[in-house]
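Residues per chain are reported as follows:
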Amino acid sequence: MNSPKAYLLDLDGTIYHGKHRIDGADLLIQHLKNSNIPYLYVTNNSSRTPEGVAEHLRSLGIEAAGEEVCTSAVAAAEYVASESPGAKVAFIGEDGLEQALISAGLHITEESPEYVIQGIDREFTYEKLTKALRWIMGGAKFILTNPDLQLPADDGLTPGAGTLGAAIEAASGVKPVVIGKPSSILMKHAIDRLGLPASEVAVIGDNMRTDIAAGEAAGCRSILVLTGVTTEANLETHMRATGIKPNEIHKNLHNLITTI
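Definitions and cut-offs
Residues numbered from 1 in each chain as written. Predicted model: local features only at pLDDT ≥ 70, side-chain atom pairs only at ≥ 80, totals over all residues. Heavy atoms only, no water. Axes fitted to C-alpha atoms, helices over the stretch in contact; angles between N-to-C directions. Helix = DSSP H or I, 4+ residues; strand = E, 2+ residues; numbered from the N terminus. Parallel < 35°, antiparallel > 145°, perpendicular 65-115°, else oblique. Contact = heavy atoms within 4.5 Å. Nonpolar A, V, L, I, M, F, W, Y, C, P; charged D, E, K, R; others polar. Expected span 1.5 Å × (residues − 1). Buried < 20%, exposed > 50% of the residue type's maximum accessible area, 1.4 Å probe, protein only. Pairing = 2+ DSSP bridges. Polar contact = N/O pair within 3.5 Å; in protein donor to acceptor, adjacent residues only side chain to side chain. Left-handed = near helix turned anticlockwise from the far one by under 90°. Salt bridge = Lys/Arg side-chain N within 4 Å of Asp/Glu carboxyl O.

A.B. asks: Please clarify how the packing of helix α3 (residues 72–83) against helix α7 (residues 184–194) should be interpreted in this entry.
C.D. replies: For any two helices packed against each other, one specifies the inter-axial angle together with the distance between the axes. Where α3 meets α7, the closest approach of the two axes is 10 Å, and the angle between their N-to-C directions is 90°. Viewed along their axes, α3 and α7 adopt a mutual orientation that is roughly perpendicular. Note on element contacts: α7 touches α3 through Ile-185, Leu-186 and His-189, opposite Ser-72, Val-74, Ala-75, Glu-78 and Tyr-79. Looking at the contact of α3 with α7, its residues break down into five nonpolar, two polar and one charged.

Written out as structure tokens, the structure is:
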């Protein structure tokens, strides 16, 4: 099989753990740059803008620019804008999602929205749950930026956007359209930006259930690194659960670099 012509890189668990850079991440990015190999960062995180993600990467000593980042918030906003340009939307989320919706030309309102777009919201309340229920029962289409049930934080796990989405789904009885990994929608958004066929793109990630499953769904080559969620200890369990076997498996980023 020919080598991939471009890469889609997961962030948390692959490039960093919260505020800590994973060993070899800076060398991987420098190697891709020196080799003139195109790549994009692809993240389910909807709380930061692309520039905010790039700023975080730079704070860890990794070269990055906002235009190199694809977030589930931007993909969700562009998905809605392509389906219904200028639509009236309500959102439950943080700054990254709000800015993405505005940039996509969508009209943010709490009065009879056509869409409810929900991401991570660390100020989620019963009142917001009630509003979401009523908007969706009133006919608004429910869009979920990403299905992650848990998020890693410096002091342990916290509930993710998918946990909040599960509450809204339970209340409304309506399943959302999921944008982020393992859905192929975010991946297609990123692949389109690369301008290459999916078969010439490889996804690099640490999570079998999101990164690798999304790459498989999108028709990309999949490269698993055992630097985060998936480890040598649980690899077989994750492969059985997903029914997927990555094209490549590497213990760390240093091993991966030698193959690119």
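A.B. asks: Hey, could you run me through α3 in this one?
C.D. replies: Counting along an α-helix, one turn takes 3.6 residues, and residues three or four places apart therefore face a common direction. Given a rise of 1.5 Å per residue, 12 residues ought to cover 16 Å, and the 16 Å separating the end C-alpha atoms of α3 matches this to within 8%. What α3 keeps buried is the set Ser-72, Ala-73, Val-74, Ala-75, Ala-76, Ala-77, Val-80 and Ala-81.

A.B. asks: Would you mind going over the sheet that holds strand β13 (residues 201–205) with me for this structure?
C.D. replies: Hydrogen bonds between backbone groups are what pair the strands of a sheet, and the pairing can be parallel or antiparallel. One open sheet accounts for six strands, arranged β5-β4-β1-β13-β14-β15; its pairing is parallel. A strand with exactly one partner marks an edge of an open sheet, and here the two such strands are β5 (69–71) and β15 (248–250). On average, adjacent strands in this sheet sit at an angle of 25° to one another, irrespective of strand direction. Bridge analysis of β13 against strand β14 (residues 221–225) gives four bridges, and the strand direction is parallel.

A.B. asks: It is not clear to me how the sheet that holds strand β8 (residues 115–118) should be interpreted in this structure. Could you clarify?
C.D. replies: One open sheet accounts for five strands, arranged β7-β6-β8-β9-β12; its pairing is parallel. Edge positions in the sheet fall to β7 (107–108) and β12 (177–178), since each of these pairs with one other strand and no more. Bridge count between strand β9 (residues 141–144) and β12: two bridges; the pairing is parallel. Looking across to β12, one finds that Ile-143 is bridged to Val-177. Contacts from helix α4 (residues 95–103) reach β6 (88–92), β7 and β8 within the one sheet, and its direction differs from that of β6 by about 170°.

A.B. asks: Help me understand the environment of Lys-128, please; the structure alone is not making it clear to me.
C.D. replies: Looking at where Lys-128 falls in the secondary structure, it is placed in helix α5 (residues 126–137). For the pair Lys-128 and Ala-104, spaced 24 residues apart in the sequence, the C-alpha separation amounts to 23 Å. Not counting chain neighbours up to four residues away, the residues in contact with Lys-128 comprise Ile-92, Asp-121 and Glu-123. Reaching out from Lys-128, the side chain makes a polar contact with the side chain of Asp-121 at a distance of 2.8 Å.

A.B. asks: For this particular structure, what's the right way to read the packing of α5 against helix α6 (residues 161–172)?
C.D. replies: For the pair α5 and α6, the least separation of the axes is 9 Å and the interaxial angle reads 50°. One way to sum up the angle between α5 and α6 is to call them oblique. For the element pair α5 and α6, the recorded crossing hand is right-handed. Residues Leu-129, Ala-132, Leu-133, Ile-136 and Met-137 of α5 touch α6, and the partners they reach there are Ala-167, Ile-168, Ala-171 and Ser-172.

A.B. asks: Explanation requested: the pattern of salt bridges in the structure shown.
C.D. replies: Oppositely charged side chains can form a pair if their charged atoms are brought close together. Considering all chains together, one arrives at 14 salt bridges under this definition. Between Glu-51 and Arg-58 there is a salt bridge; the shortest N-O distance is 2.6 Å. Using a relative accessible area of 38% as the deciding quantity, one classes Glu-51 as partly exposed. For Arg-58, a relative accessible area of 39% puts it in the partly exposed group. Glu-83 is paired through a salt bridge with Lys-141; the nearest N and O atoms lie 3.0 Å apart. Separated by 58 residues along the polypeptide, Glu-83 in helix α3 and Lys-141 in strand β9 bring together distant segments of the chain.

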